[in-house]
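# Analysis of the macromolecular model
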Amino acid sequence: MSHQVKNIVLLHLFAEVSTENEAREIGERLCQRLNAFGKQKICRMKPYWKTPKYFEFSIEIFGANLSEDQIHNISAILGGNWIGAGRNLVWNFEGDKTLIEPKLRWASLEHLEE
């Protein structure tokens, strides 16, 4: 029996919103933009302990054709100026420079293989 590798891209986000519903709506709009890359699941949604006016959550993207290079294609769809952090990409809110969702304040993209 062969073990099949699952390709997952993890998009971790912090949004400046006051309710979980607002954060979920942002997540759902982002998922619509990311349909071309595979199935998505919004998960780990909770208030950010360090900054109570933020909610943090993740979007897991599952697809057979996902590779480490795809995080660059995903970042291009999301907009903004991403910087490399090892094998990951990170985006940080600066002044008026936002992603396609203006209430996002921080994001990271990481390719995982399970």
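Here's what I pulled together on the structure shown here. Note on numbering: residues in each chain are counted from 1, in written sequence order. Reporting in this predicted model follows two pLDDT cut-offs: at least 70 for local features of residues, and 80 or more for side-chain atom pairs to be given and counted; totals over whole chains, interfaces and linings ignore these cut-offs and use all residues. As a rule here, side-chain values cover all heavy atoms of the structure and leave hydrogens and water aside.

### Topic: the environment of S75
The cut-off we apply is this: For helices the rule is a DSSP run of H or I covering at least 4 residues; for strands it is a run of E covering at least 2, with both sets numbered from the N terminus onward. Each residue's exposure class comes from its accessible area (1.4 Å probe, protein chains only) as a fraction of the maximum for that residue type: buried when under 20%, exposed when over 50%, partly exposed otherwise. Any two residues whose heavy atoms approach within 4.5 Å are treated as being in contact. Under this definition, polar contacts are N or O atom pairs within 3.5 Å; protein pairs additionally need one hydrogen-donor-capable and one acceptor-capable atom, and for neighbouring residues in sequence, both atoms have to be side-chain atoms.
Inspection of the secondary structure puts S75 in helix α2 (residues 70-78). Relative accessible area serves as the criterion here: at 8%, S75 is assigned to the buried category. Residues S75 and W91 lie 16 residues apart in sequence; the distance between their C-alpha atoms is 9.0 Å. Those residues in contact with S75, other than ones at most four positions away along the chain, are W82, L89 and L109. Within polar-contact distance, the side chain of S75 engages the backbone oxygen of H72 at 2.8 Å.

### Section: the pairing of strand β3 (residues 55-62)
Using the following cut-off: DSSP calls a pair of strands paired once it identifies at least 2 bridges connecting them.
Burial analysis of β3 places 7 of its 8 residues in the buried class, which makes it a mostly covered element. Pairing between strand β1 (residues 7-15) and β3: 8 bridges, direction antiparallel. Among the inter-strand pairings, L11 is bridged to a residue of β3, identified as I59. Relative to β3, strand β2 (residues 39-47) is paired through 7 bridges, and the arrangement is antiparallel. In the sheet register, I42 faces β3, and the bridge partner there is I59.

### Some details on the sheet that holds β2
So the rule is basically this: Whenever a helix is involved, its axis is fitted only over the stretch in contact; in every case the axis is a line through C-alpha atoms, and angles between N-to-C directions fall within 0 to 180 degrees.
The strand order β2-β3-β1-β6-β5-β4 describes an open sheet built from 6 strands, whose pairing is antiparallel. One side of each edge strand has no neighbouring strand; the edge strands of this open sheet are β2 and β4 (83-85). Adjacent strand axes in the sheet meet at a mean angle of 20° when their direction is disregarded. Running over the sheet, α2 touches β1, β3, β5 (88-92) and β6 (104-113) and is turned about 160° from β6.

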